[in-house]
2 protein chains.
Amino acid sequence: MISDMRNQEFLNKALSLLPALKETKVEVAQTVEVYKEDSEIKIEKTETYSNKQLNKGSRIYLDFGDHQVGYLHLKLGYTGSHPDAPVWMRIHFAENPVELFENAKNYSGWICSSWIEEEQIHIDTIPSEIKLPRRYAFRYVMIEILDLSNKFNLIVEDAFCTAVSSVDDEELCEFQAQSKQLARLDQIACRTLHNCMQTVFEDGPKRDRRLWMGDLRMQALANYETYQKNDMVKACLYLFAALPMQDGKVGACLFLEPEPEVDDTQMFDYSLFFINTLWDYYEATNDRETLEELWPTALRQIELAKEHLDEEYLVRDSDVLGWCFVDWNLNLNKQASAQGILLYALSAAIRITQVLGEVLEEEKLAELYCECRNAANVRLWDKEKQCYISGKDRQVSVASQVWMVLGEAVEDSAAQQLMDRVENLDNAEGMVTPYMYHNYIDALLHVGEKNKALQKLETYWGGMVRLGADTFWELYNPENADESPYGGTIVNSYCHAWSCGPAYFLRKYFKMKEE
Amino acid sequence: MISDMRNQEFLNKALSLLPALKETKVEVAQTVEVYKEDSEIKIEKTETYSNKQLNKGSRIYLDFGDHQVGYLHLKLGYTGSHPDAPVWMRIHFAENPVELFENAKNYSGWICSSWIEEEQIHIDTIPSEIKLPRRYAFRYVMIEILDLSNKFNLIVEDAFCTAVSSVDDEELCEFQAQSKQLARLDQIACRTLHNCMQTVFEDGPKRDRRLWMGDLRMQALANYETYQKNDMVKACLYLFAALPMQDGKVGACLFLEPEPEVDDTQMFDYSLFFINTLWDYYEATNDRETLEELWPTALRQIELAKEHLDEEYLVRDSDVLGWCFVDWNLNLNKQASAQGILLYALSAAIRITQVLGEVLEEEKLAELYCECRNAANVRLWDKEKQCYISGKDRQVSVASQVWMVLGEAVEDSAAQQLMDRVENLDNAEGMVTPYMYHNYIDALLHVGEKNKALQKLETYWGGMVRLGADTFWELYNPENADESPYGGTIVNSYCHAWSCGPAYFLRKYFKMKEE
């Protein structure tokens, strides 16, 4: 249920802080042929599109050189007789060339196929200049002539993209990476963030295009190290605080159109991340006024989370699908992760009370933290396996260990040893998203394993680079690059905010050493 | 080849005379189900569209009650959760319900399938109000939800059409028909004309949407008896005169967008009809200035037609497809019709010289007329068959007789007898379009066969009414209602200017007798 607890003052503040979009004209980098040979996708440069006379069935593939978010413009001309019928064309936008080999009609997964960036349009007047009204996320554009009068041939005389973002790379903080390879990881991560930074921090510019709390936390961290559009983080925090769900819960995500409104999706972890995101914002900006104004919203998330605890301060497990997100692994039991995330949020809340001088509240939260930590170590620690377990089936997973470490249920050498063991846990549920990988890297850094963190980051995000990524993906399984929890790569998002972590980690922890 | 003989002064005059479009809001008359039972199309009233909750695969059929030309507006709402993905829908517009049972993908005729009034659109924001940017000709609109997120149902809260025309029915001259049936014929003919009267007289608002000389002649005649938008006829005449082809030939048709330009299609008969249309315009308006200004253009068409004559003043036959239109019967030999049409145009030209006092020119034209008439009767008259033949195979057709009668190669009782024989000619090529039927009715009236003309008109156009026509069609073969020279009814035009003849004939020749 969505509440009427809208805070109009917060909303006005948020809306006034939302950035204007900057437009950049991007020309076609090259015209290509895209085809498959022995199931491998080949992309070859070919004659410039504007030299081609198109008729029924003709296709051209435009390569914009990098991932773009924006609007396609076409200047259309002809040869032959005056066009005497509309041009009917199909336009397919692709972030990843693999999408060009999938067919919207054959997609039957559970994600709505309306996200597939494919249009059929009719153009009544030739010559003409058209701008497609919808925004797309893409590097490649395939134009197929579905039908054309045989009295003329169509010429795409000019094609360009008006790319949009709230930031441009002139605002990007300078960064010297330790290697070319790491510089490339940073560059791709920055591009990912850049293209998700629209009016709000979107999760992905192709699909969802929404402000999600979980993604925002990571985007904000990367933002402080890169574009430093800190008012945009502030605006997003105020949006969440202005539009709570029933009982004041921070929603998992918000819609901006046609009116700002909270979705009816709620997730235990995402609501709590409001607290960490607020704290991170304060650490980056010292904006005490915001911290003060939004503290009641943060505190309310703790109160609501407490309702999930049993009498021994353990987060009750739940069978409700998606009650707590953690990762896109449907087999994952979330109880232990949720406990760790609660600890992680409580830590941030306690730090906020310290800044605000809320002594009584600090004491209560500290007490709660100890109870929850104790519950974790008494009820979820498996002495035999030497790791945390989750749920009634005592599931072992990477996620549970990572969140217990980040929530500091375990510390110092014990935490370091636990992170060492993570890799060799028998039958442990693994990680499937860069989102969970981000938290894993964070946990490695938390226990001081800098080299291992860097090596894991290079291996995982570098794997996408080796597969040709221009931006980092929503999903990446090194064992199966085409895996999709949605039943088809055509609906995967190949520029996804929660994947921008390398920019944060590399810039914060792996700067080039000063000589 | 298109010439640079553009007459800018004429063009400016034409453009300044073109009418503004009037907009009328048209609501949905009823929501229907459209289905087939034993290959017969059934249309049944059903629950109002706005009560339906639409999800993936849902269809609604909107019936706008009459043929419309205009823009579709949809007001979209939802039930359930806030829409979290675009709506992907297919919208199919149909002038005739038969179109709803054809599939664009299965059409493989020679007309460009881009004319099929079908769109696939994505709507990113719900709730929202959208106006489709393209103009359609339709009575029925089918909306199919191709995909929709399962978090909500779509509601079409309101659907309406902004209908456009340069005339409205308040301007329609009053007319008392002799019977209810004839009143209905007139009404449908007026609707046909009304919906073809846009910025120019279009041939059909669904397909082509162009100013054709042959259609204009008939539309102008109907216009003088109905909407009397005479300046629009004048504008169209000036457009043709302003934008001639090479050598000053009047083109068969013109484009208005993106710039006024003549098509490269030329037809012997269409160029000559400029003269008759100019004469008809003068008769309707007494606008001598226009007659004077456009006379050189008219005369030029005679000069160019003369180049088609052999040394005995007979129009040379041609194998070039479409050199002379006459009718959509591909087996028809056009030579005799062309000879008749030349006589018909010469008659009008002579009358113009008489008004303008161009005595020398009149004499020359009269001499040419006699030579051509003589050639027709010497070389194309078959004494045995007692009719005109056409081409080297001496083809017998209705069209040849009709045009020889209208061109007055044969007159009085001989003409009357010929028109009597037309119906019983052995193996004669018949008529396939209302366009040729119009000329046939005209020829019957010309020889004084009023009753027969009315009976033929009732039978032929009435046949379309009995098949449910809201406007008269481009093509109608009483023996096969679904015939199409284009390989599929889906590209047929069911509101076609050249079919508006009943309004002209009924109002001019069959008024209710004064008591």
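Keep in mind that what you see is a predicted model, and the values were worked out from it rather than measured. (Residues numbered from 1 in each chain as written. Chains lettered and ligands numbered in written order. Predicted model: local features only at pLDDT ≥ 70, side-chain atom pairs only at ≥ 80, totals over all residues. Heavy atoms only, no water.)

*Asks:* Would you take a moment to explain the domain arrangement of chain A for this structure?
*Replies:* All names here are of chain A. Domain annotation of chain A identifies domain 1 (28-165) and domain 2 (183-509). Computed over C-alpha atoms only, the centres of domain 1 and domain 2 are separated by 38 Å. Facing 25 residues of domain 1, the contacting portion of domain 2 comprises 27 residues. Between domain 1 and domain 2, roughly 2,300 Å² of surface is buried when both sides are summed, and carbon and sulfur atoms account for 53% of that area. Ranking the residues of domain 1 by area buried against domain 2 places His67, Trp115 and Arg135 at the top, with a combined share of 28%. Our count for the domain 1 to domain 2 interface comes out at four salt bridges. Among the salt bridges present, the one from Glu202 reaches Arg135, with a minimum N-O distance of 2.8 Å. (Domains from an automatic or database assignment. Contact = heavy atoms within 4.5 Å. Buried area = accessible area lost by both parts, 1.4 Å probe. Salt bridge = Lys/Arg side-chain N within 4 Å of Asp/Glu carboxyl O.)

*Asks:* Looking at this model, I keep getting lost on the sheet that holds strand β10 (residues 211-212) of chain B. Mind explaining?
*Replies:* The strands making up a sheet are joined through hydrogen bonds of the backbone, oriented either antiparallel or parallel. All names here are of chain B. Spatially, three strands are ordered β10-β11-β12 in an open sheet, and the strand pairing comes out antiparallel. Two strands bound the open sheet, and with one partner strand each, they are β10 and β12 (261-262). Here β10 runs beside strand β11 (residues 253-255); their pairing, made up of two bridges, is antiparallel. Note on β11: the bridge partner recorded for Leu211 is Leu254. (Pairing = 2+ DSSP bridges. Helix = DSSP H or I, 4+ residues; strand = E, 2+ residues; numbered from the N terminus.)

*Asks:* I tried to follow unusual backbone geometry on my own but got confused; where do I start?
*Replies:* Phi is mostly negative for residues that are not glycine, and the peptide bonds are mostly trans. A cis amide bond links Glu257(A) to the next residue, Pro258(A), at an omega of -10°. The phi dihedral of Asp247(A) falls on the positive side, at around 70°, and the residue is not glycine. By the element assignment, Asp247(A) lies in the loop between α4 (230-242) and β11 (253-255). Phi is positive for Glu408(B), close to 60°, though the residue is something other than glycine. Residue class for Glu408(B) comes out partly exposed when judged on its relative accessible area of 25%. (Buried < 20%, exposed > 50% of the residue type's maximum accessible area, 1.4 Å probe, protein only.)

*Asks:* Got a minute to help me understand the relation of the copies chain A and chain B in this structure?
*Replies:* Each of the two copies of the chain can be brought onto the other by a rotation about an axis and a shift along it. Of the transformation superimposing chain A on chain B, the axial component is 0.0 Å and the angular component is 180°, with the fit at an RMSD of 0.0 Å. Taken together, these values place the two copies in the relation of a two-fold axis. Ranked by how close their C-alpha atoms come to the rotation axis, the residues of chain A are headed by Gln120(A), at 3.0 Å. A share of 100% of the interface residues of chain A reappears at the interface of chain B, consistent with the copies meeting face to face through the same patch. (Least-squares fit on C-alpha atoms with pLDDT ≥ 70 in both.)

*Asks:* Please explain the interface of chain A and chain B as it appears in this structure.
*Replies:* Quoted interface sizes are often the accessible area lost when the parts come together. Contacts between the two partners involve 37 residues from chain A, matched on the other side by 37 residues from chain B. It is His82(A), His122(A) and Arg134(A) in chain A that bury the most area against chain B; as a group they hold 19% of the surface buried on that side. For the pair chain A and chain B, the number of links is six salt bridges. Asp263(A) is paired through a salt bridge with Lys151(B); the nearest N and O atoms lie 3.5 Å apart. Applying the counting criterion to the chain A and chain B interface returns 20 residue pairs in polar contact (both at pLDDT 80 or more). Breaking the side of chain A that touches chain B down by element, the ones donating at least two residues are β5 (87-94) and β6 (118-123) of chain A. A total of four residues in the side of chain A that touches chain B trace back to one element, the largest contributor, which is β6(A). (Polar contact = N/O pair within 3.5 Å; in protein donor to acceptor, adjacent residues only side chain to side chain.)

*Asks:* Would you mind going over the pattern of salt bridges with me for this structure?
*Replies:* Pairing between side chains of opposite charge can happen when the charged atoms of each approach one another. Residue and element names in this part refer to chain A. The tally for this structure, following the rule as stated, stands at 74 salt bridges over all chains. Between Lys206 and Glu99 there is a salt bridge, with its nearest N and O atoms 2.8 Å apart. One end of the pair, Lys206, is in the loop between α2 (180-196) and β10 (211-212); the other, Glu99, is in the loop between β5 and β6, with 107 residues separating them in the sequence. Each member of the pair, Lys206 as well as Glu99, is classed as buried. For Glu119, the salt bridge identified is with Arg134, shortest N-O distance 2.5 Å. You can see Glu119 sitting in strand β6 and its partner Arg134 sitting in the loop between β7 (128-131) and β8 (136-147), a full 15 residues away along the chain.

*Asks:* Can you help me understand the side chain of His92(A) in this one?
*Replies:* Within the element layout of this structure, His92(A) appears in strand β5. Exposure remark for His92(A): the relative accessible area of 2% places this residue in the buried category.

*Asks:* What is the right way to look at the side chain of Asn276(A) in this model?
*Replies:* Residues and elements named next belong to chain A. Relative to the helices and strands, Asn276 is located in helix α5 (residues 268-285). Its relative accessible area of 4% is what places Asn276 among the buried residues. Polar contacts involving the side chain of Asn276 include one to the main-chain carbonyl oxygen of Tyr344, which spans 3.2 Å. Excluding residues that lie within four positions of it along the chain, Asn276 makes contacts with Arg217, Tyr344, Ala345 and Ala348.

*Asks:* Mind showing me how you'd approach the packing of aromatic side chains here?
*Replies:* Each aromatic ring pair is specified by the distance between its two centres and by the angle formed by the two planes. All names here are of chain A. Scanning all chains against the criterion turns up 58 aromatic pairs over all chains. Taken together, the ring pairs in this structure connect Trp110, Trp212, Tyr270, Phe273, Phe325, Trp328, Tyr344, Trp403, Tyr435 and Trp498 into an aromatic cluster. Of note, Lys131 hangs over the ring of Tyr71, and the distance from its end group to the ring centre comes to 4.5 Å. (Phe/Tyr/Trp six-rings, centres within 6.5 Å; stacked < 30°, edge-to-face > 60°. Lys NZ or Arg CZ within 6 Å of the ring centre and 35° of its normal.)

*Asks:* How should the state of the cysteines be read in this particular structure?
*Replies:* Disulfides are covalent bonds that link the sulfur atoms of two cysteine residues. Throughout the structure, instances matching the rule amount to zero disulfides over all chains. With no disulfide of its own, Cys500(A) has Cys196(A) as its nearest cysteine by sulfur position, at a separation of 7.4 Å. Of the residues examined, Cys500(A) reaches a relative accessible area of 0% and is grouped as buried. We note that Cys324(B) lacks a disulfide partner, and the nearest cysteine sulfur, in Cys372(B), lies 14 Å from it. (Disulfide = S-S within 2.5 Å.)

*Asks:* Help me understand the packing of helix α1 (residues 8-17) of chain B against helix α4 (residues 230-242) of chain B in this model?
*Replies:* The relative placement of two packed helices is expressed as an angle between their axes plus a distance between the axes. All names here are of chain B. Axis separation between α1 and α4 bottoms out at 8 Å; the angle between their running directions is 155°. Here α1 lies roughly antiparallel to α4, going by the angle between them. The hand of the α1/α4 crossing is left-handed. Between α1, through Phe10, Leu11, Lys13, Ala14, Leu15 and Leu17, and α4, the contact on the second element is made entirely by Asp231, Lys234, Ala235, Tyr238, Leu239, Ala241 and Ala242. Looking at side-chain class alone, the contact of α1 with α4 contains 10 nonpolar, no polar and three charged residues. (Axes fitted to C-alpha atoms, helices over the stretch in contact; angles between N-to-C directions. Parallel < 35°, antiparallel > 145°, perpendicular 65-115°, else oblique. Left-handed = near helix turned anticlockwise from the far one by under 90°. Nonpolar A, V, L, I, M, F, W, Y, C, P; charged D, E, K, R; others polar.)

*Asks:* Quick question: what am I supposed to make of the environment of Ala443(A) here?
*Replies:* You can see Ala443(A) is positioned in helix α11 (residues 434-446). For Ala443(A) and Ala497(A), which are 54 residues apart along the polypeptide, the C-alpha to C-alpha distance reads 20 Å.

*Asks:* Mind showing me how you'd approach the sheet that holds strand β14 (residues 387-390) of chain B here?
*Replies:* Residue and element names in this part refer to chain B. Strands sit in the order β13-β14-β15 across an open sheet of three strands; the sheet is antiparallel. Single-partner strands in this sheet number two, and they are β13 (381-382) and β15 (395-396). Two strands pair when backbone bridges link them, and β13 and β14 are joined in this way by two bridges, in the antiparallel orientation. For Asp382, the partnering residue across the bridge sits in β14 and is Cys387. Each of β14 and β15 touches helix α9 (residues 398-406); the most contacted strand, β14, lies at about 115° to it.

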